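Structural description and commentary
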Protein chains: 2
Amino acid sequence: MPKGQDLATRDRLIRAASKLFLQRSYTAVGVNEICAAADAAKGSFYHFFPTKSDLAIAVIDWHADAMWVLHDKHEAAARGAAGRLRAVTEVVAEVQGKLHRSFGRMVGCPLGNLGVELATTDDPAGAHVAGVLAQWEQRIARHCHDLAEAGLLRRGVDPDELATQILATMQGMILLAKVGAGRPEPVAEAMRRVIDGAVATRRAA
Amino acid sequence: MPKGQDLATRDRLIRAASKLFLQRSYTAVGVNEICAAADAAKGSFYHFFPTKSDLAIAVIDWHADAMWVLHDKHEAAARGAAGRLRAVTEVVAEVQGKLHRSFGRMVGCPLGNLGVELATTDDPAGAHVAGVLAQWEQRIARHCHDLAEAGLLRRGVDPDELATQILATMQGMILLAKVGAGRPEPVAEAMRRVIDGAVATRRAA
């Protein structure tokens with residue numbers, strides 16, 4: 001594990017890259033530019049990240065770690081399985097709200113952006129971001145299954161399909177808001193409508 | 001308007017670029033590579049497209065034109081406002097099925113991909129693809145408004161929000177299927193579930 005000054009440099013490189021990737025794209029940003037933005041020497045970059053893909057993987061993990069922390073926080077504050085499922089809408093509202101304030105516009109989902117850009121390439125960061133998105137879907141699906149077991153999903157609602165639909169609504173709404181220069185609020189609202197349409201208002205008989 | 005051999009060269013450049021953008025990304029593909037794939041001289045490229053953005057705009061229009069033709073076809077074959085709304089699911093099933101067969105994998109929505117990649121940049125193709133996606137949303141919204149006027153939407157369903165939700169579900173499902181190496185069928189299925197959840201099964205009183 002890197003320590004002290006090393007940790008600070010590695011962290012600066014990750015934060016600078018994350019910002020530049022969100023402002024443009026992974027492919028559009030070069031190592032020189034990342035080093036300049038992070039105030040780091042190029043030798044230092046390659047010390048931490050043998051390839052640009054390694055940096056992308058670190059950026060993905062950095063976003064994912066922050067997201068799991070937010071999930072833990074909002075799930076811990078939630079009541080019942082429905083509340084824990086709805087926590088995902090609060091995570092997204094918090095992340096997208098913060099990004100919108102920070103960049104002054106919608107810049108997309110850090111994970112979704114990299115997924116779209118890299119999924120068809122042989123860059124190992126593509127498989128890595130796919131793994132994190134699959135983990136996210138599984139985390140949502142666990143709550144959907146809890147609801148199904150408690151008889152709290154409407155008749156005909158499949159818990160795995162519901163989890164996919166929640167994640168797809170999130171990614172699609174973020175994409176449209178990014179492309180259409182929209183706002184973060186409708187993203188969580190649309191996700192809440194999907195959840196409201198699937199969760200029974202009272203315990204099914 | 002270009003004619004004869006000129007038209008053939010321009011068309012080859014657009015088709016080659018469209019394929020390369022879907023295989024990797026707009027930024028990752030250079031003009032030289034597009035010319036080689038289209039068997040066109042570089043001078044010829046710049047004759048038709050003064051900048052790479054101009055080519056991207058032509059690629060966007062080429063995809064959009066094909067999509068409007070499919071919409072016309074499926075809407076003409078549909079019965080009633082609900083059928084015309086559901087036509088969008090058939091358009092997406094046809095386009096994504098064709099792309100999946102052609103590339104042997106999910107490559108994303110040609111418009112959504114470019115939107116995600118270019119929305120935060122100052123490339124004019126970003127604003128162009130945003131305009132086409134907005135047109136698409138308006139086309140879907142027209143059918144939602146027809147349903148609302150006929151009393152065929154469930155209570156509380158807003159026609160504009162429904163249109164956004166249908167387009168977001170499409171884009172999000174395509175994104176997840178691309179990233180997760182999935183299949184095209186679940187995309188239209190998820191869109192149908194959104195529509196089924198919003199359209200009243202019989203005329204509301």
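Description of the structure in this document. Computed from a predicted model, the values in this text were never measured in an experiment.

Some remarks on the relation of the copies chain B and chain A
Rotating chain B by 180° about the axis while translating it 0.0 Å along that axis superimposes it on chain A, leaving an RMSD of 0.0 Å. Both copies of the chain, as the preceding transformation shows, are related through a two-fold rotation axis. Proximity to the rotation axis, assessed at the C-alpha, singles out G172 of chain B in chain B; its C-alpha lies 1.9 Å from the axis. Interface residue correspondence from chain B to chain A reaches 100%, placing this contact among same-surface, isologous pairings.

A few points about the layout of surface pockets
Approximately 830 Å³ is the volume found for the largest pocket. Lining the largest pocket are 26 residues; nearest its centre among them are R193, V194 and G197 of chain A together with R193 and G197 of chain B. If you list the elements that add at least two residues to the lining of the largest pocket, you get α8 (159–179) and α9 (185–198) of chain A together with α8 (159–179) and α9 (185–198) of chain B. Of the residues belonging to the lining of the largest pocket, the class tally is 8 nonpolar, 6 polar and 12 charged.

Let's talk about the side chain of S25 of chain A
Checked against the element boundaries, S25 of chain A lands in the loop between α1 (4–23) and α2 (31–38). In this structure, S25 of chain A is in contact with L20 and E117 of chain A together with T27 of chain B, ignoring residues within four places of it in sequence.

A word on the pattern of salt bridges
If you walk through the whole model with that rule in mind, you get 16 salt bridges over all chains. Linking K73 of chain B and E94 of chain B is a salt bridge whose minimum nitrogen-to-oxygen distance equals 3.2 Å. One end of the pair, K73 of chain B, is in helix α4 (residues 52–76); the other, E94 of chain B, is in helix α5 (residues 80–103), and 21 residues separate them in sequence. For K73 of chain B, a relative accessible area of 44% translates into the label partly exposed. Taken together, the shared-partner salt bridges connect D72, E75 and R139 of chain A into one network.

Looking at the interface of chain B and chain A
Residue-level contacts link 35 residues of chain B with 35 residues of chain A. Overall, the association of chain B and chain A removes approximately 2,900 Å² of surface from exposure, summing both partners, and the carbon and sulfur fraction of that is 68%. Between the two partners, chain B and chain A, sit 2 salt bridges. Where E161 of chain A meets R193 of chain B, a salt bridge forms, and the shortest distance between an N and an O atom there is 3.1 Å.

Quick look at unusual backbone geometry
With glycine set apart, most residues show a phi of negative sign, and most peptide bonds adopt trans. Even without glycine at this site, A181 of chain A takes up a positive phi of about 50°. Within the fold, A181 of chain A resides in the loop between α8 and α9.

A word on empty space enclosed by the protein
Following the criterion strictly, the structure yields 3 cavities of 30 Å³ or more and no others. Lining the largest cavity are 28 residues, and of these V116 and E117 of chain A together with N113, V116 and E117 of chain B sit closest to its centre. Of all elements in the fold, only α1, α4 (52–76) and α6 (110–118) of chain A together with α1 (4–23), α4 and α6 (110–118) of chain B reach the threshold of two or more residues within the lining of the largest cavity. Of the residues assigned to the lining of the largest cavity, the class counts are 14 nonpolar, 8 polar and 6 charged. Approximately 60 Å³ is the volume found for the second largest cavity.

Focus: the packing of α4 of chain B against α6 of chain B
All names here are of chain B. Close contact between α4 and α6 brings their axes to 10 Å; oriented N to C, the two are set at 145°. In this structure, α4 crosses over α6, and the sense of that crossing is left-handed. Taken together, the residues of α6 that come into contact with α4 (itself represented by I60, H63 and M67) are P110, L111 and L114. Its residues placed into classes, the contact of α4 with α6 shows 5 nonpolar, 1 polar and no charged.

Side note on the packing of aromatic side chains
Residue and element names in this part refer to chain A. Following the criterion strictly, the structure yields 8 aromatic pairs over all chains and no others. Relative to F49, the ring of F48 lies with its centre 6.3 Å away and its plane at 50°, an arrangement referred to as tilted. One exposure class covers both F48 and F49, and it is buried. The ring of Y26 is capped by K52, whose NZ or CZ atom sits 4.3 Å from the centre of that ring.

Some details on the nonpolar core
Residues W136 and I166 of chain A together with W136 and I166 of chain B are the most contacted members of the largest nonpolar core, which totals 134 residues. Beyond its immediate chain neighbours, meaning those up to four positions away, I166 of chain A contacts L85, V88, I140, C144, M191, V194 and I195 of chain A.

Things to note about α6 of chain B
Among the 9 residues in α6 of chain B, 9 count as buried, and that is most of the element. Within α6 of chain B, burial applies to P110, L111, G112, N113, L114, G115, V116, E117 and L118 of chain B.

Calculation rules
- Residues numbered from 1 in each chain as written.
- Chains lettered and ligands numbered in written order.
- Predicted model: local features only at pLDDT ≥ 70, side-chain atom pairs only at ≥ 80, totals over all residues.
- Heavy atoms only, no water.
- Least-squares fit on C-alpha atoms with pLDDT ≥ 70 in both.
- Contact = heavy atoms within 4.5 Å.
- 1 Å grid on protein atoms, 1.4 Å probe; cavity = no way out; pocket = protein on both sides within 12 Å on 5 of 7 lines; lining within 4 Å.
- Points joined across faces, edges and corners; volume = space filled by probe spheres on them.
- Helix = DSSP H or I, 4+ residues; strand = E, 2+ residues; numbered from the N terminus.
- Nonpolar A, V, L, I, M, F, W, Y, C, P; charged D, E, K, R; others polar.
- Salt bridge = Lys/Arg side-chain N within 4 Å of Asp/Glu carboxyl O.
- Buried < 20%, exposed > 50% of the residue type's maximum accessible area, 1.4 Å probe, protein only.
- Buried area = accessible area lost by both parts, 1.4 Å probe.
- Axes fitted to C-alpha atoms, helices over the stretch in contact; angles between N-to-C directions.
- Left-handed = near helix turned anticlockwise from the far one by under 90°.
- Phe/Tyr/Trp six-rings, centres within 6.5 Å; stacked < 30°, edge-to-face > 60°.
- Lys NZ or Arg CZ within 6 Å of the ring centre and 35° of its normal.
- Core = buried A, V, L, I, M, F, W, Y, C linked by side-chain atoms within 4.5 Å.

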